[in-house]
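# Fold and geometry: a report
Listed here are the chains, written in short residue letters.
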Amino acid sequence: MIDPKVWGKLYDRYAAPRPRRMLALDGGGIRGVLTLQILKRIEELLAGGNAAFRLCDYFDYIGGTSTGAIIAAGLARGKSVAELIEFYKTTGPEMFEKTHLLRRLRSLYQSDPLKAQLQDVFGKDTDLSPQHLRTLLLVVTRNATTDSPWPISSNPAAKYNLPDRSDCNLKIPLWQLVRASTAAPVYFPPEVLNWDEKDPSKSFVFVDGGVTPYNNPAFLMFRMATHPAYCLNFLTGEKNLAIVSVGTGAAPTLGVAASSPETNLLETVAALPGALMYGIQVEQDLACRTVGRCVYGAPIDREVGDMVLSGNGDLGRAFLYVRYNADVSQEGLGALGCADLRSDDIRKLDNATPAGIDALLRVGEAAAKQVQRAHLP
């Protein structure tokens, strides 16, 4: 039994065990715009014409990394996808465009315009307490002080979320967690979060969760929702749990050729962060398809294929799993009807110019056509 005093207004929704649905959102900088177009299609299919419907009404746990954390926080607060698309159009450049070194250093000491914008959208005094959210939320970030991934959940029953703790996670301002999720190394200064004002040792430096193994947080969410250590105890099984995972576009980063191994070596090193993010995304996706039952998803590779398991019977997997993403290689863009766009431009994490955002909206709209109501439990 969960404690109604701890869970507050979320108590009725989570009091009794029942089938649960979770939404996991990848990191990927400004490419979160692509994610939003896919989510827009999901929202439209589920709403059925109900203008008041929000994705937080359908999903019992929404989590994200980096740009996915920004979107997840907005959805958990009850915002529509259209509102978040508008937010990215107006605030995307502040969040994701590269800044000159001098400007980055200056932003450590001067007023940060992004801070004011985030406070306006998410609420200056909003934290992760149940009264501020319409569904459970997970934000993946990285604690640079302790050199460890920190997935911060709004689950009121979690060990470090208990209200009598002076360093309770739920007391951290939501806007500041979102700001930390945009603190990509090189692009932005890190974010310092104070867990306990009376204890300096509880102040930590946070950077983008995209530099953890959980840039795709789907399997992490499964673990945190079901393992007894996290005190949430969602039921497992195909009839009890479903995960919808949405990416920000993917394509392998092609490196040097064997015939000339030193050619473009510097370019390959520069592309290493993107290559690591791609590898992490594939690995987490593969884990979900191995443990869960994949009902939709693009092929992983030519050896394992898409691992989609069809049929009406229960196959005994731990959860149902759906993976939506877009192939943003040059060939993939052609298949989406966007052959005139350059893969190198679409794959950038910081191409937050108006033209760059418009291109991502176009690719995302094409990718959203893969979404079908039958995929969604």
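One structure accompanies this document, and this report is about it. (Residues numbered from 1 in each chain as written. Predicted model: local features only at pLDDT ≥ 70, side-chain atom pairs only at ≥ 80, totals over all residues. Heavy atoms only, no water.)

### What about the overall build of the protein chain?
Tallying secondary structure elements over the protein chain gives 15 helices and nine strands in all. In the form shown here, the protein chain has an accessible surface area of approximately 17300 Å², with 54% of it arising from carbon and sulfur atoms. (Helix = DSSP H or I, 4+ residues; strand = E, 2+ residues; numbered from the N terminus. Areas by Shrake-Rupley, 256 points an atom, 1.4 Å probe, with all protein chains shown as cover.)

### As for the packing of aromatic side chains
The full count for this structure, using the stated rule, is 15 aromatic pairs. The interplanar angle of 35° and the centroid separation of 5.3 Å between the aromatic rings of W7 and Y14 together place this pair among those described as tilted. We note that W7, like Y14, is buried. Note on F204 and F206: the rings are 6.5 Å apart at their centroids and 90° apart in plane angle, and the pair reads as edge-to-face. The burial state of F204 is the same as that of F206; both residues are buried. One aromatic cluster is present, built from ring pairs that chain together W150, W195, F204 and F206. When the ring centre of Y58 is taken as origin, the NZ or CZ atom of R21, which lies over that ring, is 3.9 Å away. (Phe/Tyr/Trp six-rings, centres within 6.5 Å; stacked < 30°, edge-to-face > 60°. Buried < 20%, exposed > 50% of the residue type's maximum accessible area, 1.4 Å probe, protein only. Lys NZ or Arg CZ within 6 Å of the ring centre and 35° of its normal.)

### A few points about the pattern of salt bridges
All told, the structure shown has 14 salt bridges when counted by the stated rule. Between R20 and D60 there is a salt bridge, with the nearest N and O atoms lying 3.3 Å from each other. Within this pair, whereas R20 is found in strand 1 (residues 20–25), its partner D60 is found in the loop between helix 4 (55–58) and strand 2 (61–65), the two being separated by 40 residues in sequence. Taken individually, R20 and D60 each receive the classification buried, so the pair is uniform in this respect. D26 is paired through a salt bridge with R323; the nearest N and O atoms lie 2.8 Å apart. Taken as a pair, D26 in the loop between strand 1 and helix 3 (32–47) and R323 in strand 9 (residues 320–324) lie far apart in primary sequence, 297 residues in all. (Salt bridge = Lys/Arg side-chain N within 4 Å of Asp/Glu carboxyl O.)

### Re the packing of helix 3 against helix 6 (residues 81–96)
Viewed as axis vectors pointing N to C, helix 3 and helix 6 meet at an angle of 165°, and their least axial separation amounts to 9 Å. As summarised for this structure, helix 3 and helix 6 are arranged roughly antiparallel, according to the angle between their axes. Of the two elements, helix 3 crosses helix 6, and the hand of that crossing is left-handed. Contacts between helix 3 and helix 6 involve G32, V33, L36, Q37, L39, K40 and E43 from the former and V81, L84, I85 and Y88 from the latter. Residue composition of the contact of helix 3 with helix 6, grouped by class: seven nonpolar, two polar and two charged. (Axes fitted to C-alpha atoms, helices over the stretch in contact; angles between N-to-C directions. Parallel < 35°, antiparallel > 145°, perpendicular 65-115°, else oblique. Left-handed = near helix turned anticlockwise from the far one by under 90°. Contact = heavy atoms within 4.5 Å. Nonpolar A, V, L, I, M, F, W, Y, C, P; charged D, E, K, R; others polar.)

### Examining the pairing of strand 4 (residues 148–153)
Pairing analysis gives six bridges linking strand 3 (residues 136–143) to strand 4, with the strands arranged antiparallel. Across the sheet, residue V140 finds its bridge partner in strand 4, namely P151. (Pairing = 2+ DSSP bridges.)

### Focus: the environment of I152
By secondary structure assignment, the location of I152 is in strand 4. Relative accessible area serves as the criterion here: at 1%, I152 is assigned to the buried category. Expressed as a C-alpha distance, the spacing of I152 and L128, which sit 24 residues apart in the sequence, is 9.4 Å. Excluding its chain neighbours within four sequence positions, the residues that come into contact with I152 are L128, L137, L138, V139, T141, N169, L177 and W195.

### Looking at the pairing of strand 5 (residues 191–194)
Alternating positions in strand 5 separate cleanly, E191 and L193 being buried on one face and V192 and N194 remaining unburied on the opposite face. As paired strands, strand 5 and strand 6 (residues 203–208) are joined by four bridges and run antiparallel to one another. By the bridge assignment, V192 is partnered in strand 6 with V205.

### Points about the packing of helix 3 against helix 15 (residues 354–367)
Between helix 3 and helix 15, the shortest axis-to-axis distance is 8 Å and the interhelical angle comes to 35°. Judged by the sense of rotation from one axis to the other, the crossing of helix 3 with helix 15 is right-handed. Taking contact as the criterion, the partners of V33, L34, Q37 and I38 in helix 3 are, on helix 15, I357, L360, L361, V363, G364, E365 and A367. Counted by class, the contact of helix 3 with helix 15 contains eight nonpolar, two polar and one charged residues.

### Brief notes about the nonpolar core
Judged by nonpolar contacts, the single largest core of 71 residues is most densely connected at L39, I42, L75 and Y88. Ranked by residue count, the leading element in this core is helix 3, at eight residues. Those residues within four positions of L75 in sequence are excluded, and the remaining contacts are L23, L25, L39, L55, C56, I62, V81 and L84. One finds L220, F222, L232 and A318 within the second-largest nonpolar core, a separate group that totals 27 residues. (Core = buried A, V, L, I, M, F, W, Y, C linked by side-chain atoms within 4.5 Å.)

### Quick look at helix 5 (residues 67–76)
The buried fraction of helix 5 amounts to 10 of the 10 residues, a majority that puts the element mostly inside the structure. Every buried residue of helix 5 is accounted for by T67, G68, A69, I70, I71, A72, A73, G74, L75 and A76. Positioned one or two residues after helix 5, G78 has a phi angle of 100°, which is positive.

### Some thoughts on the environment of D199
Mapped onto the fold, D199 is located in the loop between strand 5 and strand 6. Within the structure, the side chain of D199 is placed 2.5 Å from the side chain of S201, a separation counted as a polar contact. (Polar contact = N/O pair within 3.5 Å; in protein donor to acceptor, adjacent residues only side chain to side chain.)

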